[in-house]
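These are the residues of each chain, in order.
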Protein chains: 2
Amino acid sequence: MSSVNLKQLAQALDLSVSTVSRALNDSYEISAATKEKVQLLATQLGYQPNPYASSLRRQQSKTVGVIIPEVANNFFSLAINGIEEVARQNGYHVLIYLTHENFAQEQTIVQHLANGRVDGILISVSGETQDAAHFAKLRELNLPTVFFDRVCEQTDTASITTDDYDSGYRATHHLLERGCRRIMHLTLAQHLSIGQKRMQGYLDALRDADVAFDPALLVRGGHGSDHNTALVQQLLEQDPSIDGIFAAVESLAIAGYRACQATGRRIPADIKIIGFSNLEMADLLNPSLTTIRQPAYAIGREAATILFQGLMKNRPILTSQSQELKSELVVRASTGGLG
Amino acid sequence: MSSVNLKQLAQALDLSVSTVSRALNDSYEISAATKEKVQLLATQLGYQPNPYASSLRRQQSKTVGVIIPEVANNFFSLAINGIEEVARQNGYHVLIYLTHENFAQEQTIVQHLANGRVDGILISVSGETQDAAHFAKLRELNLPTVFFDRVCEQTDTASITTDDYDSGYRATHHLLERGCRRIMHLTLAQHLSIGQKRMQGYLDALRDADVAFDPALLVRGGHGSDHNTALVQQLLEQDPSIDGIFAAVESLAIAGYRACQATGRRIPADIKIIGFSNLEMADLLNPSLTTIRQPAYAIGREAATILFQGLMKNRPILTSQSQELKSELVVRASTGGLG
DNA sequence: CTGTTAGCGCTTTCAT
DNA sequence: ATGAAAGCGCTAACAG
């Protein structure tokens, strides 16, 4: 493709291919004079090494695969930003794959990457994923993998997460502190560790405050923002005692907000809302919406950094390298909004 | 990496490497019996062809590069979704590169891709890009390229855009129709065709309505949401006659909204806002914000489709394949909000 | 310091 | 219908 290759360079310079190769790779066994000559001509002719030839020979691709459920979601977008940046700095390329929250797709993708196309994998598991057999294969093949945000607890690789339990606790505590006693808990993926931990934080905060937990307040949303809004709205109408909403996912925070509006509840006078959201817009537009912000960009960077360190030093990636980054409680409303 | 390769399969089956290769590629010159035998063992052993070996030999990578300014932006996120989907359907892989709106990075990335790593490129140019020399090289190398959203008018490849002029006109018309006469125009990248077209729509709408254009109402924002808010706020305070805001970019629509709040202007009673935004959240959260929604996902799909058609049929990608997709004016407020 | 040679794993003529 | 052999472009022993 790039028209000019090593052989041509070698011929033009009357050198052997290996000398040229070594000169370009700045090998210590090539004279400074030759190096210069070679590099000069190489840049003149715009020589670009064929990545596939060297990948084949070196048995490494300088490429990582990123597998995520969806990219139209601010958390993952920001994470990709972090990942791409670190990759670039380390001379790596980034292949992107989307599972669309579909387990079968996730399996296929993982399997497709187990052929040397990538040197390592960064993954946030799909909402449907329960079985971890496909990850076992990655270990077998010794393909370094780092989980981020939505981790798979069954395998023993490194993972970068947010302080899900803790932030779930804090969020609930925040509402309790403001007088809420009947807090609706909105969640999507109950069987994902991320959902479970957030909910456990919610439950423990209630318990520590001696507030009874009512299972009726546990709501599992689905996909489709209008559907969720209707669902919450219905529950609000059924139970006027509800005075708080804790949404474990951004989309559900919005749904909760809209449902409150639809039922005429005033925020924060009648009801208070707190929700996970990585969308700065959300609280910029609407300060009455208190949010839990995950350090998405940092998570991407951290996950990538751990992966690359393992790759460069050719060391296995250990569970001990796992980290839990802190999320932030963002309260915008100065005028006693929800804050 | 994947441990098992053609040679091993061949030995195990007592066949030649070429036969096995052909069998797996479903060649017509292999007996049905052999094919079956081969394919059976291949799946049993979990054979995965080495992508780099076949890329090297075939001189094609089954990979496309996507170059965008940023991914933490709903438009590009959605576009990637569309691109990835189409790529997957066609057996292509997607490499992601971010320019961070930086021209130098864009040049480097483009140059790095001109070595056979990708079979084609999908690109949305950085805000700084004025010079198109680096794209000329792509043409030289015959590397199929499709521009999307932020196109480069100097080259003659296909491009997928939104109806920027038209939507700029319609947005402005919308405000004029509601009585606005002093409409502030907020823009980021004035020299990008996308910014120019939107502004031209604005100007023409004013002219057609016989409303004088005041250059003082033209505001060029920068990066940093707080900075932009302060800028707009200052202008609003200086000029109380301003009764409308047209934001050519989502972030500026938010800045405008916040500035209005800060200066005590009521929306839409005192001032009306309309802005480009691909964030459904924005108008869900705040129905008084009328938005122009681009068909981001469709743009991604369309751009990718054109690229792949060219790649598969080995045909050049022509300007004639360019398309302009329609954007949508989203008015949420039923209660006479801004709508 | 430089050249010769082998080979990464696959595809594809060319032969049989 | 199958096999032998060449070669994609590069790197890395091994010589010298």
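Values in this document were obtained by computation on a predicted structure and should not be read as measured data.

A. Expanded view of the domain arrangement of chain A. Split by domain assignment, chain A resolves into domain 1 (6-57), domain 2 (62-162 + 296-325) and domain 3 (164-294 + 328-335). Taking only C-alpha atoms, the centre of domain 1 of chain A and the centre of domain 2 of chain A are 35 Å apart.

B. The arrangement of helix H7 (residues 133-140) of chain A in detail. Residue and element names in this part refer to chain A. Considered for burial, the residues of H7 that qualify are His134, Phe135 and Leu138. Mapping the buried residues of H7 onto a view down its axis gives an arc of 100°, with all of them on the same face. As for H7, its buried residues are in contact with helix H6 (103-113), strand E3 (120-123) and strand E4 (145-148). Within two residues after H7, Asn142 carries a phi angle of roughly 65°, on the positive side.

C. Highlighting the protein's contact with DNA strand D. Lining the immediate environment of DNA strand D, one finds 25 residues, of which Leu6, Tyr47 and Arg57 of chain A together with Thr19 and Arg22 of chain B sit closest. Here a phosphate oxygen of DNA strand D and a backbone polar atom of Asn50 of chain A are 3.2 Å apart. When contributions to the surface near DNA strand D are tallied by element, the ones reaching two or more residues are helix H2 (17-24) and helix H4 (51-58) of chain A together with helix H2 (17-24) and helix H4 (51-58) of chain B. Class assignment for the residues of the surface near DNA strand D results in seven nonpolar, twelve polar and six charged.

D. Representation of the relation of the copies chain A and chain B within the structure. For the match of chain A to chain B, the screw axis carries a shift of 0.1 Å, the RMSD comes to 0.1 Å, and the turn is 180°. This pairing of chains is accounted for by a two-fold axis. Ranked by how close their C-alpha atoms come to the rotation axis, the residues of chain A are headed by Leu95 of chain A, at 2.2 Å. Taken as a fraction of all interface residues of chain A, those also at the interface in chain B reach 100%, which identifies the copy contact as same-surface.

E. Broad picture of the state of the cysteines. Residue and element names in this part refer to chain A. Scanning the entire structure with this criterion turns up zero disulfides over all chains. Here Cys260 is not disulfide-linked; the sulfur of Cys180 is the nearest cysteine sulfur, at 11 Å. The buried category is assigned to Cys260, whose relative accessible area is 0%.

F. Layout of the UniProt feature "domain: HTH lacI-type" (unreviewed entry) in chain A. Under the local residue numbering, the UniProt record ascribes the feature "domain: HTH lacI-type" (unreviewed entry) to residues 4-58 of chain A. Span residues 4-58 of chain A is 67% helix and 0% strand, its end C-alpha atoms 21 Å apart.

G. Representation of the environment of Ser327 of chain B in the model. Residues and elements named next belong to chain B. With respect to the helices and strands, Ser327 occurs in the loop between strand E11 (323-325) and strand E12 (328-330). Residue class for Ser327 comes out buried when judged on its relative accessible area of 7%. Ser327 sits 34 residues away from Arg293 along the chain, and the two C-alpha atoms are 5.5 Å apart. Not counting residues up to four positions away in its chain, the partners in contact with Ser327 are Thr162, Asp163, Ser167, Arg170, Ile292, Arg293, Gln294 and Pro295. Polar side-chain contacts of Ser327 include one of 2.9 Å to the side chain of Asp163.

H. Broad picture of H4 of chain A. Inspection of H4 of chain A places Pro51, Tyr52 and Ser55 of chain A among the buried residues, and these make up the whole buried set. Projected down its long axis, H4 of chain A shows its buried positions confined to an angular sector of 95°, all on one face. Buried-residue contacts for H4 of chain A involve H4 and strand E1 (63-68) of chain B. Measuring from the backbone nitrogen of Tyr52 of chain A back to the side-chain oxygen at the start of H4 of chain A gives 2.7 Å, which picks out Asn50 of chain A as the cap. Where H4 of chain A ends, the next residue or the one after it, Gln59 of chain A, has phi of about 60°, a positive value.

I. Spatial organisation of the pairing of strand E10 (residues 290-293) of chain B. Residues and elements named next belong to chain B. Judged by which residues are buried, E10 turns out to be covered on both faces: Thr290 and Ile292 on one side and Thr291 and Arg293 on the other are all buried. Where strand E9 (residues 272-276) lies against E10, three bridges are found, and the strand directions are parallel. Following the sheet pairing, Ile274 is matched in E10 by Thr290. Regarding topology, helix H12 (residues 280-285) serves as the crossover connection from E9 to the parallel E10, and that connection is right-handed. Direction of pairing for E10 relative to E12: antiparallel, over a ladder of three bridges. The partner of Thr291 across the bridge, within E12, is Val330.

J. Quick look at empty space enclosed by the protein. Summed over the entire model, instances satisfying the criterion amount to two cavities of 30 Å³ or more. Space inside the largest cavity adds up to approximately 60 Å³. Considering the residues around the largest cavity, the lining is formed by Tyr52, Ser61, Thr63, Leu95 and Arg117 of chain A together with Tyr52, Thr63, Leu95 and Arg117 of chain B. Along the lines of polarity and charge, the residues of the lining of the largest cavity split into four nonpolar, three polar and two charged. In this model, the second largest cavity occupies a volume close to 50 Å³. What lines the second largest cavity is Phe135, Leu138, Arg139, Leu143, Thr145, Phe147, Thr155 and Thr157 of chain A.

K. Region of the structure containing the pattern of salt bridges. Residue and element names in this part refer to chain B. Applying the stated criterion to the full structure yields 29 salt bridges over all chains. Glu84 is the partner of Arg88 in a salt bridge, and the nearest nitrogen-oxygen pair spans 3.6 Å. Of the two residues, Arg88 and Glu84 both sit in helix H5 (residues 74-89), four residues apart, roughly one turn of that helix. We classify Arg88 as partly exposed; its relative accessible area is 28%. According to the relative accessible area criterion, Glu84 is buried, its value standing at 3%.

L. Quick look at the interface of chain A and chain B. Contact residues are listed per partner, giving 54 residues for chain A and 54 residues for chain B. Buried surface at the junction of chain A and chain B, summed over both partners, amounts to about 5400 Å²; 60% is from carbon and sulfur atoms. The tally of links between chain A and chain B comes to zero salt bridges. There are 15 residue pairs in polar contact (both at pLDDT 80 or more) connecting chain A and chain B. Broken down by secondary-structure element, the contributors of at least two residues to the side of chain A that touches chain B are H4, helix H5 (74-89), strand E2 (93-98), H6, helix H11 (250-262) and helix H12 (280-285) of chain A. Of the residues forming the side of chain A that touches chain B, the biggest block, seven residues, is contributed by H5 of chain A. Broken down by class, the residue content of the side of chain A that touches chain B amounts to 26 nonpolar, 20 polar and eight charged.

M. Focus on the protein's contact with DNA strand C. Neighbouring DNA strand C are 25 residues; Ser18 and Thr19 of chain A together with Leu6, Tyr47 and Arg57 of chain B lie closest to it. The protein-proximal atoms of DNA strand C, defined as those within 4 Å of the protein, are 58% sugar or phosphate. In the model, a phosphate oxygen of DNA strand C is placed 2.9 Å from a nitrogen or oxygen of the Ser16 of chain A main chain. Within the backbone of Ser31 of chain A, one N or O atom sits 3.3 Å away from a phosphate oxygen of DNA strand C. Elements with a contribution of two residues or more to the surface near DNA strand C: H2 and H4 of chain A together with H2 and H4 of chain B. The element contributing the most residues to the surface near DNA strand C is H4 of chain B, with four residues. Split into classes, the residues belonging to the surface near DNA strand C amount to seven nonpolar, twelve polar and six charged.

N. Up close: the pairing of strand E9 (residues 272-276) of chain A. All names here are of chain A. Along E9, five of the five residues are buried, which leaves the element largely enclosed by surrounding structure. Residue alternation in E9 divides its side chains into two sets, Lys272, Ile274 and Phe276 and Ile273 and Gly275, and both sets are buried. Note that strand E8 (residues 244-247) and E9 share four bridges and pair parallel. The residue of E9 that forms the bridge with Phe246 is Ile274. Handedness of the E8-H11-E9 crossover: right-handed.

About the cut-offs
Residues numbered from 1 in each chain as written. Chains lettered and ligands numbered in written order. Predicted model: local features only at pLDDT ≥ 70, side-chain atom pairs only at ≥ 80, totals over all residues. Heavy atoms only, no water. Domains from an automatic or database assignment. Buried < 20%, exposed > 50% of the residue type's maximum accessible area, 1.4 Å probe, protein only. Helix = DSSP H or I, 4+ residues; strand = E, 2+ residues; numbered from the N terminus. Arc of directions from axis to C-beta. Contact = heavy atoms within 4.5 Å. Near = heavy atom within 4 Å. Polar contact = N/O pair within 3.5 Å; in protein donor to acceptor, adjacent residues only side chain to side chain. Nonpolar A, V, L, I, M, F, W, Y, C, P; charged D, E, K, R; others polar. Least-squares fit on C-alpha atoms with pLDDT ≥ 70 in both. Disulfide = S-S within 2.5 Å. UniProt positions renumbered as here; feature names shortened; annotations may be inferred. Pairing = 2+ DSSP bridges. Right-handed = clockwise from strand over helix to strand, strands pointing away. 1 Å grid on protein atoms, 1.4 Å probe; cavity = no way out; pocket = protein on both sides within 12 Å on 5 of 7 lines; lining within 4 Å. Points joined across faces, edges and corners; volume = space filled by probe spheres on them. Salt bridge = Lys/Arg side-chain N within 4 Å of Asp/Glu carboxyl O. Buried area = accessible area lost by both parts, 1.4 Å probe.

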